[in-house]
Amino acid sequence: MEHNCGLVTKNKQPVPLKSVEVDVHVQGHVATVTSTLLYVNGEERPLEAVFVFPLPGECAVCHLSAKIGDTEVVAKLQDKQKAREEYDDALSSGHQAFLLEESDQSPDVFQLNVGSLPPGESAAITLVYISELDMQADDALRFCLPAVLNPRYTPQDMDRSQMATVTSVPAGTVPYTLALSAHLSSPQPISKVESNCDLEPLAYLNPDKTQATVSLSPGHLFDRDVELLLYYHDAHKPTAIVEAGLDTAEPGSLMRDPVVLLSIYPEFPAAVTSSLSTVGEFIFVVDRSGSMDCAMHSGKDAKMRIESAKDTLLLLLKSLPMGCYFNIYGFGSRYEHFFPKSVEYNQKTMDDALEKVKGMRADMGGTEILQPLKHIYSQPCIPSHPRQLFIFTDGEVGNTKQVLDLVKINGNSHRCFSFGIGQGASTALITGLAKEASGHAQFITGTDRMQPKVMQSLRYALQPAVKDISVHWNLPDGVSVTTLSPPLKVLFHGQRALLYAQLKGENTAIPEGSVTIQYNLLEETVKNQLSFCLRPTGETGVTLHRLGARTLIRSLEMEERAAGPEAKALREKLLQLSLQSGVSCTHTAFIAIHKGSGQTVQGPLLHRTVPTPGMFFIPTVLNAPTRIMAKMAPMARMAAAPPMPPVMMFWDSMEDDDEMFDGVQEPESPTDPLLQLISLQKASGSWEMESSMAKVLKKTDDELDKLMPVGVDKAVWATVLALIWLYGFCLDAQDEWQFVAMKAASWIQAQKVDCVSQCVQAGNALLGCLLQQKTLGL
């Protein structure tokens, strides 16, 4: 009988990874994350451990080191191919080696190889990355430690040897632990910290509450990404921060010169934010792969992802302005569209679309988003109707870079609003879609409701577009600027925009400079000016330099993939920038070698994959196997199947496997009076007096007829009642029905009737409310 000591996988293989410790230092809007992974070889032979894990898609990975006993080895950044060769050579020579590299297909997936760990020895691997904190709608700054990495679907035309294999165990049985602590520092007081995980109490370190610590409670089950929502006072304050360069860096290089980070928060006048467009082409692209038939979260009464998406489509279709154009796409390993081309929004087309939405299922196999995007971009844009794409996906896409390249090529023809659904949605894909097409990205995780976030993006899409954005630098003689960030193409009300720039030259007489951001909004020119010091004092570190380098690296990588003869020169430029800044890119990798006895290992190394958590959200399928395994091929150079990181498992079949979902038992959606009422609204914005409406209002038909003012049109009466009910009983969900109500009020005003005040009074009496006519927008 086989006996294994210590931690083992479900297949009874010993697990070399024992613990993960994460230390987060937040300075304002930037987080420096230090992760230490402890590996122990409890077997009788040397082994190689392979760990594939997620990181934020826009982070700058800048350090790798390994501590073996009392010896610490700091990795160097090298050309990726050379680093791989050194790694193999080290293992062949009997040394220990550690290799960290970014996936060729997606910048949010990394692979760590821990090679030739001798029996009984341990190694503590430390990696460091820097990332910006995302601004949320409620002004929170969001830090996310990705702990979930879903299997990525491999399109048929891709080399599947480039993808990673998932090795999983059920969530809660992951045989290693996670500890996380965070130190927070901000120029403004820290008001509170919230999380989707259990936290220890927030501890302030000074009286003005600008520094604090918080930590994850013990026992995290690796069933979700770890989110921290940080709330600062005056979070919208524009800033310009200058970071000094390194005296030891090469003259004229990015790391030698100062770097400035501009944080811009446009605040539009109320006249602008309340002015919504009545034109546009709205294309809704909905993931219908098998993994969308999973619950939104693990709590009680959680809806399936596809059902939540259908509810959201109902709200969107009811909120569109009359006269615009729209279409809906569903995609999996194939795609389909409701109409051959976008159609004008009216009662008939809305009804047709809603009927088709009811029949939508998560029955289209894998997650292949490239082909539907190609079809959309092949359709001509409609004159005077700006194209707006809304993409809903759980982000399980293997060809992320290929998708983003396509979106960038077509970026000038549309805006893209992207939504990552559930744990483990690819940050690189979701944020990249919005970034390359001048839109806005949202993540729906845990118990978040999809609808309010989507309606917020719809408001962005309907608001007047910011045009002619320009950045003007006012610098003293002898000082020039090189922008590291792509040009600003879009600004949204209250949403942060970041801009990195390199300052070259020097002027000892004038210590300050300034920058003016100018744009046109509703035929008016708006200017925002920020001043900054050109000579920062004290030790400022190189955090901003590395984030600026990361920003430039991502832009150059996209240029390289699109280039022809210039690709070789761009690759050399990328290599030079990556090596100088110490920030990894797709062509570089971190390599550390610890020279041991030098005795060649006899026989092959044991290969151990670190198991990852899997939630095993499998659709209810009649007469189906009890397990569905993801068919994912290993990364190109690995002989053994690499593991994934802390991960929640969802499965997409790699083939067009619609037959697996025949007979899916659809859960009955709980009765939601708000959605019921909205479903009864006409495309024009009005309601009709009917029994189904009386039922939502919890009244009888007779009660509605009895209190209706004499001579009032029934549709006007019904629409006023709907508005009173929304404001009187669903005010906490106003973000979801705001456009529905605006359409209703506009429709009533267009009727030019004199009885609105009587209807409001009678409606208040009927429904037991005390609302003013002005409150209803009438």
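Preceding this paragraph is the structure being described.
Here's what I pulled together on the structure shown here. (Residues numbered from 1 in each chain as written. Predicted model: local features only at pLDDT ≥ 70, side-chain atom pairs only at ≥ 80, totals over all residues. Heavy atoms only, no water.)

Notes on the sheet that holds strand β19 (residues 259-264)
Across the sheet, four strands lie side by side as β18-β19-β29-β28; this open sheet has antiparallel pairing. The sheet terminates laterally at β18 (239-243) and β28 (479-483), the two strands that pair on one side only. Here the strands of the sheet are splayed against their neighbours by 25° on average, with no regard to which way each runs. Two strands pair when backbone bridges link them, and β28 and strand β29 (residues 497-505) are joined in this way by five bridges, in the antiparallel orientation. (Pairing = 2+ DSSP bridges. Helix = DSSP H or I, 4+ residues; strand = E, 2+ residues; numbered from the N terminus. Axes fitted to C-alpha atoms, helices over the stretch in contact; angles between N-to-C directions.)

So, the pairing of strand β26 (residues 440-444)
Side-chain positions along a regular strand alternate between the two faces of the sheet. The element β26 is extensively covered by neighbouring structure, given that four of its five residues are classed as buried. As paired strands, strand β25 (residues 414-421) and β26 are joined by five bridges and run parallel to one another. Residue pairing in the sheet places F417 in a bridge with H440 of β26. One crossover worth recording links β25 to the parallel β26 by way of helix α7 (residues 427-436), and it is right-handed. (Buried < 20%, exposed > 50% of the residue type's maximum accessible area, 1.4 Å probe, protein only. Right-handed = clockwise from strand over helix to strand, strands pointing away.)

Thoughts on the packing of helix α8 (residues 450-462) against helix α15 (residues 734-751)
The N-to-C vectors of α8 and α15 enclose an angle of 45°; their axes lie 7 Å apart at closest approach. The angle between the axes of α8 and α15 places the two elements in the oblique class. For the pair α8 and α15, contact is made by Q451, P452, M455, L458, R459 and L462 and by D735, E736, Q738, F739 and M742, respectively. Classifying every residue of the contact of α8 with α15 gives six nonpolar, two polar and three charged. (Parallel < 35°, antiparallel > 145°, perpendicular 65-115°, else oblique. Contact = heavy atoms within 4.5 Å. Nonpolar A, V, L, I, M, F, W, Y, C, P; charged D, E, K, R; others polar.)

A look at helix α9 (residues 543-562)
Between its terminal C-alpha atoms α9 stretches 29 Å, which fits the 28 Å expected from 20 residues at 1.5 Å a residue. Counting buried residues in α9 gives 14 out of 20 residues, a clear majority hidden from the surface. (Expected span 1.5 Å × (residues − 1).)

So, the packing of helix α3 (residues 305-319) against helix α4 (residues 347-358)
Viewed as axis vectors pointing N to C, α3 and α4 meet at an angle of 175°, and their least axial separation amounts to 10 Å. In terms of axis orientation, α3 runs roughly antiparallel to α4. Residue-level contacts link K310, L313, L314, L317 and K318 of α3 to M350, A353, L354, V357 and K358 of α4. Looking at the contact of α3 with α4 residue by residue, the classes come out as seven nonpolar, no polar and three charged.

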